[in-house]
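# Architecture and fold: a report
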Amino acid sequence: VDYIDLEGRTYLEVKSHPGNPKDPKGRYEFGVLTSFAYPVEDSEEHLVVATTRLETMLGDSAVAVHPEDPRYTHLHGKHVVHPFSGRKIPIICDAELVDMSF
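Described below are features of the structure shown in this document. (Residues numbered from 1 in each chain as written. Predicted model: local features only at pLDDT ≥ 70, side-chain atom pairs only at ≥ 80, totals over all residues. Heavy atoms only, no water.)

## Remarks on the overall build of the protein
Helix and strand content of the protein: 0 helices and 7 strands. Taking 13 Å as the expected radius of gyration for a compact globule of 102 residues, we find that the protein reaches 17 Å, considerably beyond that expectation. Dimensions of the protein, computed from the C-alpha atoms along their principal axes, are close to 50 × 30 × 20 Å. Relative to its 102 residues, the protein shows a buried fraction of 22%. Considering only contacts within the protein whose residues lie at least 6 apart along the sequence, 43% involve residues at least 24 apart. Total accessible area on the protein stands at roughly 7,700 Å², and carbon and sulfur atoms take up 53% of it. Charge centroids of the protein, computed over 10 positive and 17 negative side chains, lie 8 Å from each other. (Helix = DSSP H or I, 4+ residues; strand = E, 2+ residues; numbered from the N terminus. Rg over C-alpha atoms; globule rule 2.2 N^0.38 Å. Buried < 20%, exposed > 50% of the residue type's maximum accessible area, 1.4 Å probe, protein only. Contact = heavy atoms within 4.5 Å. Areas by Shrake-Rupley, 256 points an atom, 1.4 Å probe, with all protein chains shown as cover. Lys, Arg positive; Asp, Glu negative; His and termini not counted. Charge placed at Lys NZ, Arg CZ, Asp CG, Glu CD.)

Written as structure tokens, this is what we have:
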């Protein structure tokens with residue numbers, strides 16, 4: 001697996017794949033941030049999540065917030081509801097992996 005810093009929307013060839021039929025050069029789009037909202041359990045509120053790999057939301061097992069971010073302190077220990085399966089997903093605190101300025 002290659003690690004590449006991207007400045008934004010970038011089209012790249014994936015050597016181990018036959019190619020993207022939607023792109024004339026067979027490249028795939030990377031570096032696009034997509035946002036979606038999980039409904040907060042027993043609330044009218046939604047928690048917006050941003051990802052470059054939307055398909056991974058199907059397997060989400062938690063949603064992380066920064067423990068010192070005042071926007072989310074009221075959500076510590078609560079759950080969101082998966083929009084497709086209805087599964088309860090815990091909201092966890094992670095000061096190391098969550099960038100509070102994002």
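So, next bit.
## Side note on the layout of surface pockets
Within this model, the largest pocket holds a volume of roughly 860 Å³. What lines the largest pocket is a set of 22 residues, and nearest its centre among them are Ile4, Leu6, Leu12, Phe30 and Gly31. Among the residues forming the lining of the largest pocket, the class breakdown is 9 nonpolar, 5 polar and 8 charged. As for the second largest pocket, its lining consists of 25 residues, of which Val48, Val49, Ala50, Ala64 and Phe102 are closest to the centre. Mapped by element, the contributors of at least two residues to the lining of the second largest pocket are strand S3 (34-39), strand S4 (46-51) and strand S5 (63-65). The dominant element in the lining of the second largest pocket, judged by the number of residues it contributes, is S4, at 5 residues. When the residues that make up the lining of the second largest pocket are grouped by side-chain class, the tally is 16 nonpolar, 4 polar and 5 charged. (1 Å grid on protein atoms, 1.4 Å probe; cavity = no way out; pocket = protein on both sides within 12 Å on 5 of 7 lines; lining within 4 Å. Points joined across faces, edges and corners; volume = space filled by probe spheres on them. Nonpolar A, V, L, I, M, F, W, Y, C, P; charged D, E, K, R; others polar.)

## Overview of the nonpolar core
Core analysis: the biggest nonpolar cluster contains 12 residues, these being Phe36, Tyr38, Val40, Leu47, Val49, Met57, Val63, Val65, Leu75, Val80, Ile89 and Ile91. Those elements that place two or more of their residues in this core are S3, S4, S5 and strand S7 (88-93). Setting aside residues no more than four positions away along its own chain, Val80 makes contact with Tyr38, Pro39, Val40, Glu41, Leu47, Val63, Arg87, Lys88, Ile89 and Ile91. (Core = buried A, V, L, I, M, F, W, Y, C linked by side-chain atoms within 4.5 Å.)

## Quick word on unusual backbone geometry
Residue Asp42 is not a glycine yet carries a positive backbone phi of 55 degrees. Residue placement: Asp42 occurs in the loop between S3 and S4.

## Points about the pattern of salt bridges
A complete count under the given rule lists 5 salt bridges for this structure. A salt bridge links Glu29 to Arg9; the nearest nitrogen and oxygen atoms lie 2.3 Å apart. Here Arg9 lies in the segment before strand S1 (10-12) and Glu29 lies in strand S2 (residues 28-30), a separation of 20 residues in the sequence. Judged by relative accessible area, Glu29 falls into the partly exposed class, the value being 37%. The class of Arg9 is exposed, set by a relative accessible area of 57%. Residue Arg71 pairs with Asp69 through a salt bridge whose shortest N-O separation is 2.6 Å. Since its relative accessible area comes to 4%, Asp69 is described here as buried. (Salt bridge = Lys/Arg side-chain N within 4 Å of Asp/Glu carboxyl O.)

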